[in-house]
Amino acid sequence: MGAAMRRIQAGSALSAFGLGFTVPYLYVYVAQVRDLGASTAGVVLAVFAMAALVVLPFSGRAIDRRGPVPVLLVAALLASLGALGMGLSESVPAAVGSAALLGAGTAVMQPALATMIVWCSEPATRTRSFAMQFFLQNLGLGVGGLIGGQLVDVSRPDSFLLLFSIEAVMFLVLAGIVLTVRVPGSPALQGARPAAKGGGVRALLGHKAMVQLCVLGFVLFFACYGQFESGLAAYGTEAAGIQPSTLGIALAANTAVIVVAQFVVLRFVERRRRSRVIAAVGLIWAVAWLIAGYAGLGHGSQAMATAAFVSTYALFGLGEAMLSPTVAPLVADLAPESMVGQYNSAFALVKQLALAVGPAVGGPMGASLHGPYIVTFVLFSLGITYLALRLGKRLTPVQDQPSLATKASRVVAQHLPEKESVSA
């Protein structure tokens, strides 16, 4: 990695580290520590998600017109103010307002960072760059959550103020690092930009491969991330008799698999077609849901049920490690030079929608409709495989397998005359 990419990755990891301090405890903080009630906590979490849905449709155009750095600086500042405000919130309006700032800021950071990675990488190195970002973000979230768990004390609101203050400082650190990055920029910004109002959206919706990727992305996030802390957790405790403390072990197993397997998986992914890698993830997740079905619907011992449930989260982690160097680079490769920010923001919006709909659908099903819940998500996982193979027919050979371009360039270089090769 060049200096610019190293700084982008460091800033991304530190912001994830800050988020890890507070994300697991936001509900408990609002409902119990500030004594604002469970309904208010639900509203705060909903506002956090809705703020992202509101700002993401506009952030992509801003990134493409102004560049990702100014947008990221504004987003980091908003997120920092939101985090600090949340730590000081003692009333419902203050908590809701802070959640809106925090949700909007953190949502815009992701497409801005993704665009910076695209601008600072080549197609040949992009896969590893996004894999590294995913690895560092998960590591940051895990370490932040681990340290935050040692500092938090439900009986002391000041301990939560400390957590939110650390989070706010990490966002400012991200902004400071970004200010030192010399982004080479997109050549397309020097030419024509989407001039007509809504023209960028029309162009995106007219790109059939991108539309199919967005549909696939919704199913991916709905069937995995949208179930982690809602439907799957409810199913585990209600159907499988899993202790709440075991949920933490399961999430730790998920993170551990990602951290350990990421770069081993990367070697496998780089040499294969992206559509088939995503299709394989669907099959792996179908097996994970079947194992979850055994944990809750089987008749084994409680120890076997617990082991099966933890294995489910571990298999999800393996699939995530396969997706990180596949999906995000594919979004970048599908995007025209002048619309990288809009494509990244559109995909982030799809992810946010899935994360909003997933708990609403999966939570009640996981708590009460145990058999139908497992069957539904086994079918969704198989749907991932079908949609991925269908998407592969829309992609060019190089979009589906970027290593082909590298091989072709090597062959051309080998057959160039010696002088021409040296000058190249």
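Now for a look at the structure at hand. Everything numeric here is computed off the predicted structure, so don't read it as measured data. (Residues numbered from 1 in each chain as written. Predicted model: local features only at pLDDT ≥ 70, side-chain atom pairs only at ≥ 80, totals over all residues. Heavy atoms only, no water.)

**A closer look at the overall build of the protein**
Part 1: Broken down by element type, the protein carries 20 helices and 0 strands.
Part 2: For the protein, the C-alpha radius of gyration of 22 Å lies close to 22 Å, the compact-globule estimate for 424 residues.
Part 3: With the C-alpha coordinates aligned to their principal axes, the bounding extent of the protein is approximately 75 × 50 × 40 Å.
Part 4: Taking all 424 residues of the protein together, 51% fall into the buried category.
Part 5: Summed over its atoms, the accessible surface of the protein is roughly 18500 Å², and 67% of this surface lies on carbon and sulfur atoms. (Helix = DSSP H or I, 4+ residues; strand = E, 2+ residues; numbered from the N terminus. Rg over C-alpha atoms; globule rule 2.2 N^0.38 Å. Buried < 20%, exposed > 50% of the residue type's maximum accessible area, 1.4 Å probe, protein only. Areas by Shrake-Rupley, 256 points an atom, 1.4 Å probe, with all protein chains shown as cover.)

**Re the environment of valine 183**
Part 1: Along the polypeptide, valine 183 turns up in the loop between helix H7 (157-179) and helix H8 (199-205).
Part 2: For valine 183, a relative accessible area of 23% gives the class partly exposed.
Part 3: Between the C-alpha atoms of valine 183 and valine 277, which are 94 residues apart in sequence, the distance is 31 Å.
Part 4: Contact partners of valine 183, with chain neighbours within four places excluded, come to Val69, Met116, Trp119 and Cys120. (Contact = heavy atoms within 4.5 Å.)

**Examining the nonpolar core**
Part 1: Core analysis: the biggest nonpolar cluster contains 93 residues, and Met210, Leu213, Leu216, Leu232 and Trp289 have the highest contact counts within it.
Part 2: Setting aside chain neighbours within four positions, we find methionine 210 in contact with Leu204, Val331, Leu334, Tyr343 and Phe347.
Part 3: Tyr25, Leu26, Val30 and Met86 belong to the second largest nonpolar core, which has 18 residues in total. (Core = buried A, V, L, I, M, F, W, Y, C linked by side-chain atoms within 4.5 Å.)

**Here's the deal with helix H2 (residues 26-33)**
Part 1: If you check which residues of H2 are buried, you get Leu26, Tyr29, Val30, Ala31 and Val33.
Part 2: Immediately beyond the C-terminal end of H2, within one or two residues, lies aspartate 35, with a positive phi of roughly 55 degrees.

**Some thoughts on the packing of aromatic side chains**
For any pair of aromatic rings, geometry is given as the distance between the ring centres together with the angle between the planes.
Part 1: Following the criterion strictly, the structure yields 17 aromatic pairs and no others.
Part 2: Residues phenylalanine 135 and phenylalanine 263 carry aromatic rings whose centres are separated by 5.1 Å and whose planes lie at 65 degrees to one another, so their mutual orientation is edge-to-face. With phenylalanine 135 in helix H6 (residues 123-151) and phenylalanine 263 in helix H12 (residues 244-270), the pair connects residues that are 128 residues apart, well separated along the chain.
Part 3: Classification of phenylalanine 263 by relative accessible area gives partly exposed; the value is 29%.
Part 4: Three or more aromatic residues joined by ring pairs make a cluster, and in this case those are Phe218, Phe222, Tyr235, Trp285, Trp289, Phe316, Tyr373, Phe377 and Phe380. (Phe/Tyr/Trp six-rings, centres within 6.5 Å; stacked < 30°, edge-to-face > 60°.)

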